[in-house]
Amino acid sequence: MKKIAVLTSGGDAPGMNAAVRAVVRSGIAAGMEVYGVRRGYEGLLDNDLVQMDLRSVSNILERGGTFLSSARSKRFNTKEGVQQAAENCRKLGIEGLVVIGGDGSFKGARDLCAEGICCIGIPGTIDNDISCTDYTIGYDTALNTTIEILDKVRDTMQSHNRCCICEVMGRHRGDLALNAGLAVGACAILVPEEEYDIDRDIVEPMKRSLALGKKHFVIVVAENMLDVNALSKEVEAKTGVETRTCVPGHVQRGGSPSARDRILASEMGHYAVQLLIQGKTCRVVGIKENRLLDYDITEALAIPKTFNYELLKIAREISI
Ligand code: F6P
């Protein structure tokens, strides 16, 4: 394989730059020409590619976001779009493509493989919602960012004896909410993996803690579950504790990647290029029990998602 390209797709995640850097430098080390595609699949459709050299990826390791830019491409999400993108790759002589993104991006990679373009996926999303890997690039940084925000919220709740309902990102997955909630001692944590009951899961634990002398509360709710403003009014009415809301939103997706994300991204980027060198296609890279491995993309997309219910139980027991 002589010519490969790399793109970042979907929601950006801290560490994507480190992954691009690893792909570019590992590809060049193997004697390949490496191209960066701007704006994800949109750039592939518009032939928006630029040849990378070793210095093109200097000084990006520590930067959040993705210097290649990203997009959620509607045009690519059609049969014609995929065929057009594959045709563009063929015309440019691009034989292999590394796609850094989430499961939506991997579906695109799978479809491109069916059109004859060798694709390797690298999981990059703050949601940690890709089943074939214990960690996705960006999750660790987002978790630490969220904890930093919630710690600050907690300071001011403590000063005023208040409660704050905090909405945490994660799309339809509760990993960020659970782990952030545990790490800041949230009195209640609601996640999409579990049915909730406001009285049972929030009001009663708060009343129990109030009776035990606790005066301030942080409640963590994963996004897309309920209206946090309405919940705040209900909690205030039922507990008598003055309640506020906090929705950090996209702040959770920015910032310099953590050590863990930089290292994971560098390892995965290098691994993806080795797969292309070996002539592999339609694979996604993952890390399980600290070991890098790869799966067929279609099989990876079908793996059921697991959730750490045990950790949720622990969080509930000790955040009293
Ligand atoms: O997938 C990453 C993520 O930040 C989710 O947590 C969130 O639901 C979504 O993207 C937000 O998407 P957008 O940036 O397109 O509003």
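Preceding block: the structure.
Quantities reported herein were computed from a predicted structural model and do not represent experimental measurements.

Q: Where do I start with the overall build of the protein chain in this structure?
A: Summing up its helical and strand segments, the protein chain has 11 helices and 11 strands in all. A compact globule built from 320 residues would reach a C-alpha radius of gyration of about 20 Å, and the protein chain, at 22 Å, matches this within 12%. For the protein chain, the spread of C-alpha atoms along the three principal axes comes to 70 × 35 × 35 Å. Counting all 320 residues of the protein chain, 54% fall into the buried class. Relative to all contacts within the protein chain whose residues are 6 or more apart in sequence, the contacts with residues 24 or more apart total 73%. Of the roughly 13,800 Å² that the protein chain leaves accessible, carbon and sulfur atoms contribute 48%. Side chains of the protein chain carry 39 positive and 42 negative charges; the gap between the two charge centres is 3 Å.

Q: Any chance you could explain the state of the cysteines here in plain terms?
A: Under the counting rule described, the total for this entry stands at zero disulfides. C118 forms no disulfide, and the closest cysteine sulfur to it belongs to C113, at a distance of 7.1 Å. Taking the relative accessible area as the measure of exposure, C118 reaches 19% and is therefore buried. C163 forms no disulfide, and the closest cysteine sulfur to it belongs to C164, at a distance of 7.0 Å. The buried category is assigned to C163, whose relative accessible area is 0%.

Q: Sorry, what's going on with the packing of helix α7 (residues 198–211) against helix α8 (residues 228–239) here?
A: Contact geometry of α7 with α8 gives a least axis separation of 11 Å together with a crossing angle of 45°. By the angle between their axes, α7 is oblique relative to α8. The hand of the α7/α8 crossing is right-handed. Across the interface between the two elements, I198, D199, I202, V203, M206, K207 and L210 of α7 pack against L231, E234, V235, K238 and T239 of α8. For the contact of α7 with α8, the class distribution of residues is seven nonpolar, one polar and four charged.

Q: Sorry if this is basic, but what is going on with the pattern of salt bridges here?
A: It is possible for side chains of opposite charge to pair when their charged atoms get near one another. All told, the structure shown has 21 salt bridges when counted by the stated rule. E115 serves as the salt-bridge partner of K79, at 3.9 Å between the closest nitrogen and oxygen. Remark: E115 occurs in the loop between α4 (103–114) and β5 (118–123) and K79 occurs in helix α3 (residues 79–92); sequence separation between them is 36 residues. Owing to a relative accessible area of 22%, E115 belongs among the partly exposed residues under this scheme. R110 serves as the salt-bridge partner of D111, at 3.2 Å between the closest nitrogen and oxygen. Judged by relative accessible area, which is 31%, D111 ranks as partly exposed.

Q: Got a minute to help me understand the environment of A109 in this structure?
A: The residue A109 is located in helix α4 in this model. Considering only alpha carbons, one finds A109 and C282, 173 residues apart in sequence, at a separation of 7.2 Å. Ignoring anything within four residues of it in the chain, the contact list for A109 reads Y41, V99, C119 and I297.

Definitions and limits used
Residues numbered from 1 in each chain as written. Predicted model: local features only at pLDDT ≥ 70, side-chain atom pairs only at ≥ 80, totals over all residues. Heavy atoms only, no water. Helix = DSSP H or I, 4+ residues; strand = E, 2+ residues; numbered from the N terminus. Rg over C-alpha atoms; globule rule 2.2 N^0.38 Å. Buried < 20%, exposed > 50% of the residue type's maximum accessible area, 1.4 Å probe, protein only. Contact = heavy atoms within 4.5 Å. Areas by Shrake-Rupley, 256 points an atom, 1.4 Å probe, with all protein chains shown as cover. Lys, Arg positive; Asp, Glu negative; His and termini not counted. Charge placed at Lys NZ, Arg CZ, Asp CG, Glu CD. Disulfide = S-S within 2.5 Å. Axes fitted to C-alpha atoms, helices over the stretch in contact; angles between N-to-C directions. Parallel < 35°, antiparallel > 145°, perpendicular 65-115°, else oblique. Left-handed = near helix turned anticlockwise from the far one by under 90°. Nonpolar A, V, L, I, M, F, W, Y, C, P; charged D, E, K, R; others polar. Salt bridge = Lys/Arg side-chain N within 4 Å of Asp/Glu carboxyl O.

Interpretation in functional terms is not warranted from these geometric data alone.
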